[in-house]
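# Fold and contact review
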Amino acid sequence: MTCDIFLKDYISALAGVAEVHVFTNIENAALIDDRFPAKIISIPIRRKIDPVRDLTCLIKLYHSLRSIKPRSSHSVTPKAGFLSMVASYFAGVPYRIHTFTGQIWANKKGLKRAILKSCDRILSAFATHLFADSHSQREFLIKEKIVKPDKISVLGFGSISGVDTRRFKPNPDIRREWRKRLNVGSEDTVFLFLGRLTKDKGIYDLIDAFSTIVNTYSDAHLLIVGPDEENLLPDITKRVYSFKDRVQFIGYTNSPEVFMNAADVLCLPSYREGFGVVIIEAASVGIPAIGSRIYGITDAIVENETGLLFEAGNVKELAQCMEIMLKNKEKRINMGVSARKRAINHFSKEFMVKEFLNFYEKILAH
């Protein structure tokens, strides 16, 4: 899913100058077709820690890399990064690159935090080049002594892959059609959560905040879109029972721009985030965002200009931000206009792909 959503354009561009192999868990991959310009190699990497499976993946990665003998390897996501950087080092890959997209230990405590931080330090030690997908994440990693300043950089203005501004754009026809399908009035206000349904994404905080304003504002609606990775939906359904007619659930979608067009405000109350690319995608559609004040999201939202920020976990403050968006339609619209301009000027996919290729041209020239 990471390849399909974030990396397809990078891989396609790189395939124009090099032979590309993609190691990924293909169980749910949509990218495997004749048009994809890379060889797909199945590695059953999972998000959760599984020592036996992880060791199997590490061995398979090592042998595959020894066989292919690539000039460089590039990993994304924490688990894949750790395994591939270790395997690449021992397989003798000259250039070993990893992109940090958020730290799973950022909001952990005790032994678990220490172990996970150590994994990132090992990853960093085995890599030759490191990227963070936001400037604030880079500073966080340096401050936490995960990596030295001269080893980590940020492509462009940040984000993992930028946004396709031709795909993510305002479309009044889609807005009318989907608000009709969702049974939402043309003047109603729709708050959108779009992402994985996990506790770390702050989905419970969003439900609790919405519950405090739903009775006061009869025109407020909440749309929740994304895969339920932690089986939270049964519990969430119980929590919203008293106002279930104002909340709608959509599972995984490969057309997020449709729901962004139908919405008025994106909400990302996450506890950890590398950048929050969904904020920039929504911005490109022309809607502002409400996000938690954490590293990564503070790069994606310019406070009071393209959206609003609140302290992570502060349900009362989140509800206040939602009320501001409900009461000030003109301000909300102006924020959306500013957000789209910023997305186009700083985060277009074309710009990010160019920066990506410039980096590879430099290292492949050696």
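Preceding this section is the structure that the text describes.
The paragraphs below set out a description of the structure included in this document. Keep in mind it's a predicted model, so treat the numbers as computed, not measured.

### Details of the overall build of the protein chain
Scanning the protein chain from terminus to terminus reveals 14 helices and twelve strands. In terms of overall dimensions, the protein chain is globule-like: its C-alpha atoms have a radius of gyration of 21 Å, near the 21 Å expected for 366 residues. Across the protein chain, every contact between residues at least 6 apart in sequence was considered, and the portion connecting residues at least 24 apart equals 67%. Looking at charge distribution, the protein chain has the averaged site of its 52 positive side-chain charges lying 4 Å from that of its 41 negative ones.

### Things to note about the nonpolar core
Judged by nonpolar contacts, the single largest core of 35 residues is most densely connected at Leu192, Met260, Leu266 and Ile279. When contributions to this core are tallied by element, the ones reaching two or more residues are β7 (189-194), β8 (220-225), α9 (256-262), β10 (265-268), α10 (277-285), α11 (297-300) and α13 (329-346). In terms of residue count, the dominant contributor to this core is α10 (seven residues). Residue contacts for methionine 260: discarding those within four places in its chain leaves Phe168, Leu192, Leu194, Val278, Glu281, Ala282, Val285 and Ile287.

### Considering the packing of aromatic side chains
Summed over all chains, the structure comprises 13 aromatic pairs. Ring centres of phenylalanine 356 and tyrosine 360 lie 5.0 Å apart, and the angle between their planes is 50 degrees; this geometry places the pair in the tilted category. Of the two residues, phenylalanine 356 and tyrosine 360 both sit in helix α14 (residues 349-364), four residues apart, roughly one turn of that helix. When sorted by exposure, phenylalanine 356 lands in the same class as tyrosine 360, which is buried. Counting every residue linked through ring pairs, the aromatic cluster contains Tyr10, Phe131, Phe356, Phe359 and Tyr360. One Lys or Arg, arginine 181, reaches over the ring of tryptophan 178 and ends 4.3 Å from the middle of that ring.

### Considering the sheet that holds strand β6 (residues 152-153)
Within the open sheet, the four strands sit side by side as β3-β4-β5-β6. Their pairing is parallel. A single partner strand is all that each edge strand has here, and the edge strands are β3 (72-76) and β6. Where strand β4 (residues 95-100) and strand β5 (residues 129-132) come together, four bridges link them in parallel fashion. Bridge assignment links threonine 99 to a residue of β5, and that residue is phenylalanine 131.

### Side note on α10
Judged by how many residues are buried, α10 sits mostly within the fold: nine of nine residues are covered. When α10 is considered as a whole, its buried residues turn out to be Val277, Val278, Ile279, Ile280, Glu281, Ala282, Ala283, Ser284 and Val285. Positive phi shows up at glycine 286, right after α10, with a value of about 105 degrees.

### Overview of the pattern of salt bridges
Counted by the stated rule, this structure contains 22 salt bridges. Two residues, arginine 239 and aspartate 235, come together in a salt bridge whose shortest N-O distance is 3.4 Å. With arginine 239 and aspartate 235 both in helix α8 (residues 233-239), this residue pair falls four residues apart, about one helical turn. For the salt bridge of glutamate 311 with arginine 293, the shortest nitrogen-to-oxygen distance reads 2.7 Å. Taken as a pair, glutamate 311 in the loop between β12 (307-310) and α12 (315-327) and arginine 293 in the loop between β11 (289-292) and α11 lie far apart in primary sequence, 18 residues in all. Owing to a relative accessible area of 29%, arginine 293 belongs among the partly exposed residues under this scheme. In the salt-bridge network here, residues are joined through shared partners; they are Arg175, Arg179, Asp264 and Arg332.

### Quick word on unusual backbone geometry
Even without glycine at this site, lysine 69 takes up a positive phi of about 55 degrees. Structurally, the position occupied by lysine 69 is in the loop between α2 (51-68) and β3. Lysine 69 gets classed as exposed once you look at its relative accessible area, which sits at 67%. For asparagine 231, which is not glycine, the phi torsion reads 55 degrees and is therefore positive. You can see asparagine 231 is positioned in the loop between β8 and α8. Since its relative accessible area comes to 59%, asparagine 231 is described here as exposed.

### Describing the sheet that holds β7
Pairing in this open sheet of six strands is parallel, and the strands run β9-β8-β7-β10-β11-β12 from one edge to the other. Bordering the open sheet on either side are β9 (247-250) and β12, each of which pairs with just one other strand. Here the strands of the sheet are splayed against their neighbours by 20 degrees on average, with no regard to which way each runs. Here β7 pairs with β10 via two bridges, running parallel.

### Quick notes on the pairing of β3
Here β3 pairs with β4 via five bridges, running parallel. Counted as the bridge partner of serine 75 is histidine 98 from β4. Each parallel crossover has a hand, and for β3 linked through helix α3 (residues 78-91) to β4 it is right-handed.

Conventions and cut-offs
Residues numbered from 1 in each chain as written. Predicted model: local features only at pLDDT ≥ 70, side-chain atom pairs only at ≥ 80, totals over all residues. Heavy atoms only, no water. Helix = DSSP H or I, 4+ residues; strand = E, 2+ residues; numbered from the N terminus. Rg over C-alpha atoms; globule rule 2.2 N^0.38 Å. Contact = heavy atoms within 4.5 Å. Lys, Arg positive; Asp, Glu negative; His and termini not counted. Charge placed at Lys NZ, Arg CZ, Asp CG, Glu CD. Core = buried A, V, L, I, M, F, W, Y, C linked by side-chain atoms within 4.5 Å. Buried < 20%, exposed > 50% of the residue type's maximum accessible area, 1.4 Å probe, protein only. Phe/Tyr/Trp six-rings, centres within 6.5 Å; stacked < 30°, edge-to-face > 60°. Lys NZ or Arg CZ within 6 Å of the ring centre and 35° of its normal. Pairing = 2+ DSSP bridges. Salt bridge = Lys/Arg side-chain N within 4 Å of Asp/Glu carboxyl O. Axes fitted to C-alpha atoms, helices over the stretch in contact; angles between N-to-C directions. Right-handed = clockwise from strand over helix to strand, strands pointing away.

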